[in-house]
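Spelled out, the chains give:
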Amino acid sequence: MSQTVAQIIERCQMLFDDLHFTSVKEWKAAVPGRKAIGFMPVYVPREIIHAAGMLPVGIMGGGDQLEVIQGDAYYQSYICRIPRSTLELGLTGRLDCLDGMLFPSICDVIRNLSGMWQILFKDKYVRYFDVPQNYQDGVGGQYYIHEMQVLRDDIGRLAGKPITDDALRASIAVYNENRRAVQALYKYRAAKPWQAPTSEVYLVLRAGMVLPVEDYTQLVRDYIAATDAVARPMRDNARIVLTGAFCEQPPLSLIKSIEMAGCYIVDDDFMLVMRMLFDDVVETGDPLDALSKSFLHRSMQTSSKYDESKKDKGKYLLDSTKLNGGEGVIFAAPSFCDPALLERPMLQSVLNEHKIPYTAFKYAENTGQMAPIREQAGTFADSIKLWSAA
Amino acid sequence: MSTPVQMTPPQASKKPVPVAQKEDAMLLQKAMINRNYLELATAHQRGKKVAATFVPGNLNELVMCFDLARSLPETNALQNGMRKKSGKMIMDAERDGHSEDVCTYVKADLGMMLGGEVGPTGDPLPRPDLLLLSYTGCFTFMKWFELIRQKYNCETTMLHVPYQGDGKISQNMRDYVVKQIKENVIPSLERVSGVKFDIDRLRQYMKESAKAEEDLVQVLQSAKKRPSPIDGYFGAVYYIGPIFTAFRGTTEATEYYRVLRQEIEQRVREGKGPITPEGEMAEEKYRLVVEGPPNWTSFREFWKMFYDEGAVVVTSTYAKVGGVYDFGFRHDPEHPIESLAEYCLGCYTNLNLPQRIDMICKYIDEYQADGLLINSIKSCNSFSAGQLLILREVEKRTGKPAAFIESDLVDPRYFSAANIKNRLESYFQMIKQKRTAAAGAVH
């Protein structure tokens, strides 16, 4: 019997709320010897972890339900919230189910957190995972392939057997399937945002951080089918693209507030790991070469990546706004997030050139007061609906 | 040997200008920096192209091979900070849409541009013909040059320097940087300058670099003596100026470091302490290691809080931000490109947290320091994120007390003199008590 939207969302909400990662523990307990590897935003090639028979687990911070006590003792007031809540998760034993942790190259804070993790969790595998900022196959590509090979060797050792090319190609195929499902979800939401509110889509996406990819792909498909089966009322909301939330996550209540204020979110940059690569990774030939080429030539623009030329700046945001029928952009960035906040004026200048309206605010993952955000988003939506040239 | 000089007068102040004492090498350094600003101001008139690049991991010797004038935006920002000009620049940039949360070096630089592109010395600063984005140890650099490019449409060349996440430089990291220098950086420099690359010219500059580096290390390590003849933080920022910026590889830098070394060796022979702006420090009461950059807007006031108490910073991590020479690295003319790669990869902020902790513990031991002081900079996540763990670990491993203060690089709004002074006084008390307790335990 197929599941209803309510049942699917209830399951996703349960996974989202569970800061003890029970589903990961259950997955590990089901077969003795299973291992799980955590990763922080924005992107790691999860295919490598999967090919070793391990579970990649996205650690997206502690949200607004976690009381941060120990984590705060490691950070000054002017540093964002995600490293302190992630440390809190670690120091309170909630991440004990992880056998390793990857820290992607996103900013100086997460970079330095990798070294802190090495000191504080000496018995775990820890790796700072660098991606190239040079996008030539023979330069950045070669470097990246080597970095992935090191990760592959390390994970293979942890698994007790090397990761074969065949296993990697099979994992690439599995993740290709997943990418298609997630893209279908985004496409569906852009077409019918009233049918797939972002407060639900977000929970579905978060489930992808903890579930095995095969189950998750099915869950995404089930959600699209279930929500499409029951018509929901369409409102005269403003269609907006939300950007800046690629690392520290906004509280769910913030997303709900934006929607309640009269906005349909038609694109966002939540959990980019699932959409970082635009299309299928080649499933034949050298798998690391295929992963590298996809990253170098067919991947998302985001603040932690270098744009090679001025004309590239804001291209994804602009294309996405046009393609998804966005009427405006909301810049929602975590406080003290250098990449997002330094990027913002450049993106805003691109939007100005194209006369696309925008508004901006900051949040923390534990922001509690939503009234100002609701008012700001509401005013923005009104300005689009009532006063835009259209 | 020291000479009294006039410090830069505070803005619109009618108070008598205090006379500051400086070593001759400090004067020489100041003259070099001022001359570089003048050269930058006239570069385009003289048909010279200008490259802008960052301090840590800069490729100065290579850039000089193409006859390019060199502008360093962090230096511009700190010079503006010392001259009390940065506060307005930062607020101008914030009014122009930049967040209050982000790096104030960036905002001071962008604010300076908004204010008509006049440099710290009052000379105009030219728009760069090339932004050489050597991306060592700080993600903000990447956004900084993207922001400048967005405004001025300058050509940009990226040199991505991977981080030492595993605490070592792998062959893959070296190869990646070398390849970028050969395949991206040098062709860009040739294209922009119209000058063909000559590797022998690079070797010649690197020979000069190595000589200067050797002398700098001797100067910095002189602080192992008691009393220390230098201040390894407040004084060292003058000593590192030429070698971290547009002068490494020049004969005048070599000469500067030769003179500096002689001066310092003379001070050692005479058993003298460091020169402070108020003269020679009489008694060395506390020996500290400092982690983190200084505050520039109240630099002299900040320094005074130390020398008034007889505190000498014997060594600092900030003095290694443009090269960790004291652990053996020298530019190598026999392997010029590989050596440039090694240099970029080895700068202090490109080291991981465990490496930074090891280095500080080693310093405390080798320089017989009483403890560690961290000046945590709001603007600089590259330095600051993780410093509280550094503090704990260093205390645990060395048994020496550590203290924590907070300020900013060039934003005067984040310098609270009273708070910092209070904390420092408490810290010095703590060191004293520890000494008394230790002495009691011995007897």
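It should be noted that the structure appears before, not after, this text.
The notes below deal with the structure included here. (Residues numbered from 1 in each chain as written. Chains lettered and ligands numbered in written order. Predicted model: local features only at pLDDT ≥ 70, side-chain atom pairs only at ≥ 80, totals over all residues. Heavy atoms only, no water.)

With respect to the overall build of chain A
Line of reasoning, step 1. For chain A, the count of helices and strands is 14 helices and eight strands.
Line of reasoning, step 2. Against the 2.2 N^0.38 benchmark of 21 Å for 390 residues, chain A shows a C-alpha radius of gyration of 20 Å, consistent with a compact globule.
Line of reasoning, step 3. A burial count over chain A gives 63% of its 390 residues as buried.
Line of reasoning, step 4. In chain A, the share of contacts with a sequence separation of at least 24, taken over all contacts with a separation of at least 6, comes to 74%.
Line of reasoning, step 5. Carbon together with sulfur atoms contributes 54% to the accessible area of chain A, which is approximately 14,200 Å² in total.
Line of reasoning, step 6. Here chain A holds 42 positive side-chain charges and 48 negative ones, and the gap between their average locations is 1 Å. (Helix = DSSP H or I, 4+ residues; strand = E, 2+ residues; numbered from the N terminus. Rg over C-alpha atoms; globule rule 2.2 N^0.38 Å. Buried < 20%, exposed > 50% of the residue type's maximum accessible area, 1.4 Å probe, protein only. Contact = heavy atoms within 4.5 Å. Areas by Shrake-Rupley, 256 points an atom, 1.4 Å probe, with all protein chains shown as cover. Lys, Arg positive; Asp, Glu negative; His and termini not counted. Charge placed at Lys NZ, Arg CZ, Asp CG, Glu CD.)

Let's talk about the overall build of chain B
Line of reasoning, step 1. Counting secondary structure elements, chain B contains 16 helices and twelve strands.
Line of reasoning, step 2. Radius of gyration (C-alpha) of chain B: 21 Å, near the 22 Å computed for a compact globule of 443 residues.
Line of reasoning, step 3. A total of 443 residues make up chain B; the buried ones form 64% of that total.
Line of reasoning, step 4. Side chains of chain B give 57 positive and 56 negative charges; the mean places of these two sets differ by 2 Å.

Structural notes on the interface of chain A and chain B
Line of reasoning, step 1. The interface of chain A with chain B comprises 56 residues on the first partner and 56 residues on the second.
Line of reasoning, step 2. For the interface between chain A and chain B, the tally reads five salt bridges.
Line of reasoning, step 3. The partner of Lys362(A) in a salt bridge is Glu100(B), and the shortest N-O contact between them spans 3.2 Å.
Line of reasoning, step 4. Our count for the chain A to chain B interface comes out at 35 residue pairs in polar contact (both at pLDDT 80 or more).
Line of reasoning, step 5. For the side of chain A that touches chain B, the secondary-structure elements that each account for two or more residues are helix H5 (108-120), strand S4 (125-129), helix H6 (137-159) and helix H13 (338-353) of chain A.
Line of reasoning, step 6. Here the residues of the side of chain A that touches chain B are counted per class, giving 24 nonpolar, 18 polar and 14 charged. (Salt bridge = Lys/Arg side-chain N within 4 Å of Asp/Glu carboxyl O. Polar contact = N/O pair within 3.5 Å; in protein donor to acceptor, adjacent residues only side chain to side chain. Nonpolar A, V, L, I, M, F, W, Y, C, P; charged D, E, K, R; others polar.)

Here we look at helix H9 (residues 213-229) of chain A
Residue and element names in this part refer to chain A.
Line of reasoning, step 1. The terminal C-alpha atoms of H9, which comprises 17 residues, lie 24 Å apart, in line with the 24 Å expected from a rise of 1.5 Å per residue.
Line of reasoning, step 2. Every buried residue of H9 is accounted for by Val213, Tyr216, Thr217, Leu219, Val220, Tyr223, Ile224, Ala226 and Thr227.
Line of reasoning, step 3. Elements that come into contact with the buried residues of H9 comprise helix H1 (5-17), helix H3 (46-51), helix H7 (165-191) and helix H8 (198-207). (Expected span 1.5 Å × (residues − 1).)

Here we look at the packing of aromatic side chains
Line of reasoning, step 1. All told, the structure shown has 40 aromatic pairs over all chains when counted by the stated rule.
Line of reasoning, step 2. Ring geometry for Trp296(B) against Phe299(B): centres 5.6 Å apart, planes inclined by 15 degrees, an arrangement best described as stacked.
Line of reasoning, step 3. A ring pair is formed by Phe299(B) and Trp303(B), whose centres lie 6.0 Å apart and whose planes are at 70 degrees; its orientation type is edge-to-face. Of this pair, Phe299(B) and Trp303(B) both sit in helix H11 (residues 299-307), four residues apart, which is roughly one turn of the helix. A single burial state applies to Phe299(B) and to Trp303(B), both of which are buried.
Line of reasoning, step 4. The ring centre of Tyr135(A) lies 5.5 Å from the NZ or CZ of Lys305(A), which sits over that ring.
Line of reasoning, step 5. The ring of Tyr74(A) carries Arg392(B) above its face, with NZ or CZ at 4.2 Å from the centroid. (Phe/Tyr/Trp six-rings, centres within 6.5 Å; stacked < 30°, edge-to-face > 60°. Lys NZ or Arg CZ within 6 Å of the ring centre and 35° of its normal.)

Quick notes on the nonpolar core
Line of reasoning, step 1. By size, the foremost hydrophobic cluster in this structure holds 276 residues, and its most contacted members are Ile258(A) and Tyr239(B).
Line of reasoning, step 2. Broken down by element, the residue count for this core peaks at nine residues, all from helix H7 (residues 171-193) of chain B.
Line of reasoning, step 3. Each residue touching Ile258(A), except ones within four places of it in the same chain, is listed here: Ile240(A), Leu242(A), Cys263(A), Ile265(A), Ile330(A), Phe361(A), Ile373(A) and Ala377(A).
Line of reasoning, step 4. With eleven residues, the next largest nonpolar core counts Ala190(A), Val329(A), Leu347(A) and Val350(A) among its residues. (Core = buried A, V, L, I, M, F, W, Y, C linked by side-chain atoms within 4.5 Å.)

Brief notes about the environment of Ala170(A)
Line of reasoning, step 1. As for its placement among the helices and strands, Ala170(A) is situated in helix H7.
Line of reasoning, step 2. Each C-alpha atom of the pair Ala170(A) and His50(A) lies 9.4 Å from the other, and the pair is 120 residues apart in sequence.

Structural notes on unusual backbone geometry
What is expected of a backbone is that most residues other than glycine have negative phi and most peptide bonds are trans.
Line of reasoning, step 1. In this chain, Pro41(A) is followed by Val42(A) through a cis amide linkage whose omega measures 15 degrees.
Line of reasoning, step 2. The omega angle of the peptide bond from Arg226(B) to Pro227(B) is -5 degrees, so this bond is cis rather than trans.
Line of reasoning, step 3. Examined against the element boundaries, Pro227(B) turns out to sit in the loop between helix H8 (199-221) and helix H9 (236-244).
Line of reasoning, step 4. Although it is not a glycine, Phe21(A) adopts a positive phi angle of roughly 55 degrees.
Line of reasoning, step 5. Within the fold, Phe21(A) resides in the loop between H1 and helix H2 (22-30).
Line of reasoning, step 6. Classification of Phe21(A) by relative accessible area gives buried; the value is 9%.

Describing the pairing of strand S11 (residues 371-377) of chain B
Residue and element names in this part refer to chain B.
Line of reasoning, step 1. Counted residue by residue, S11 has seven buried out of seven residues, so it is predominantly covered.
Line of reasoning, step 2. Judged by which residues are buried, S11 turns out to be covered on both faces: Gly371, Leu373, Asn375 and Ile377 on one side and Leu372, Ile374 and Ser376 on the other are all buried.
Line of reasoning, step 3. Where strand S9 (residues 286-291) lies against S11, four bridges are found, and the strand directions are parallel. Bridge assignment links Val289 to a residue of S11, and that residue is Leu372.
Line of reasoning, step 4. Relative to strand S12 (residues 402-407), S11 runs parallel, the two sharing six bridges. Paired with Asn375 across the two strands is Ile405, which belongs to S12. (Pairing = 2+ DSSP bridges.)

A look at the packing of H8(A) against H9(A)
Residue and element names in this part refer to chain A.
Line of reasoning, step 1. Interhelical geometry of H8 versus H9 gives an angle of 165 degrees and a closest axis separation of 9 Å. Classified by the angle between their axes, H8 and H9 sit roughly antiparallel to one another. Crossing angle aside, the handedness with which H8 passes H9 is right-handed. Each of Glu200, Val201, Val204, Leu205 and Ala207 in H8 lies in contact with H9, whose residues at this interface are Tyr216, Leu219, Val220 and Tyr223.
Line of reasoning, step 2. A per-class count over the contact of H8 with H9 returns eight nonpolar, no polar and one charged. (Axes fitted to C-alpha atoms, helices over the stretch in contact; angles between N-to-C directions. Parallel < 35°, antiparallel > 145°, perpendicular 65-115°, else oblique. Left-handed = near helix turned anticlockwise from the far one by under 90°.)

Looking at the packing of helix H1 (residues 24-42) of chain B against helix H10 (residues 251-269) of chain B
Residues and elements named next belong to chain B.
Line of reasoning, step 1. As a packed pair, H1 and H10 sit with axes 9 Å apart at the nearest point and diverge in direction by 160 degrees. Overall, the two elements H1 and H10 adopt an arrangement that is roughly antiparallel. Considering the relative orientation of H1 and H10, their crossing is left-handed. Here Asp24, Ala25, Leu28, Gln29, Met32 and Arg35 of H1 come into contact with H10, specifically with Glu252, Ala253, Tyr256, Leu260 and Glu263.
Line of reasoning, step 2. Of the residues that constitute the contact of H1 with H10, the class distribution is six nonpolar, one polar and four charged.

Concerning the sheet that holds S11(B)
Residue and element names in this part refer to chain B.
Line of reasoning, step 1. Taking strand neighbours across the sheet as the criterion, the four strands line up as S10-S9-S11-S12 in an open arrangement whose pairing is parallel. Each edge of the sheet is formed by a strand with only one pairing partner; in this case those strands are strand S10 (311-316) and S12. Averaged over neighbouring strand pairs, the angle between their axes works out to 35 degrees when direction is ignored.
Line of reasoning, step 2. Packing against the sheet, H11 makes contact with S9, S10, S11 and S12, and its axis sits at approximately 115 degrees to S10.
Line of reasoning, step 3. Contacts between helix H13 (residues 353-366) and the sheet are confined to S9, S10 and S11, with S9 contributing the most and set at about 165 degrees to the helix.

Quick look at the sheet that holds strand S5 (residues 130-135) of chain B
Residue and element names in this part refer to chain B.
Line of reasoning, step 1. Taken together, the four strands give an open sheet; going across it, the order is S4-S3-S5-S6, and neighbouring strands pair in parallel fashion. The open sheet terminates on both sides in strands that have one partner only, identified here as strand S4 (69-71) and strand S6 (155-160). The sheet shows a mean angle of 25 degrees between the axes of neighbouring strands, taken without regard to direction.
Line of reasoning, step 2. Bridging between S5 and S6 involves six bridges; their strand directions are parallel. Bridge pairing in S6 places Leu133 opposite Met158.

Everything listed here is a matter of coordinates, which is why it stays silent on function.
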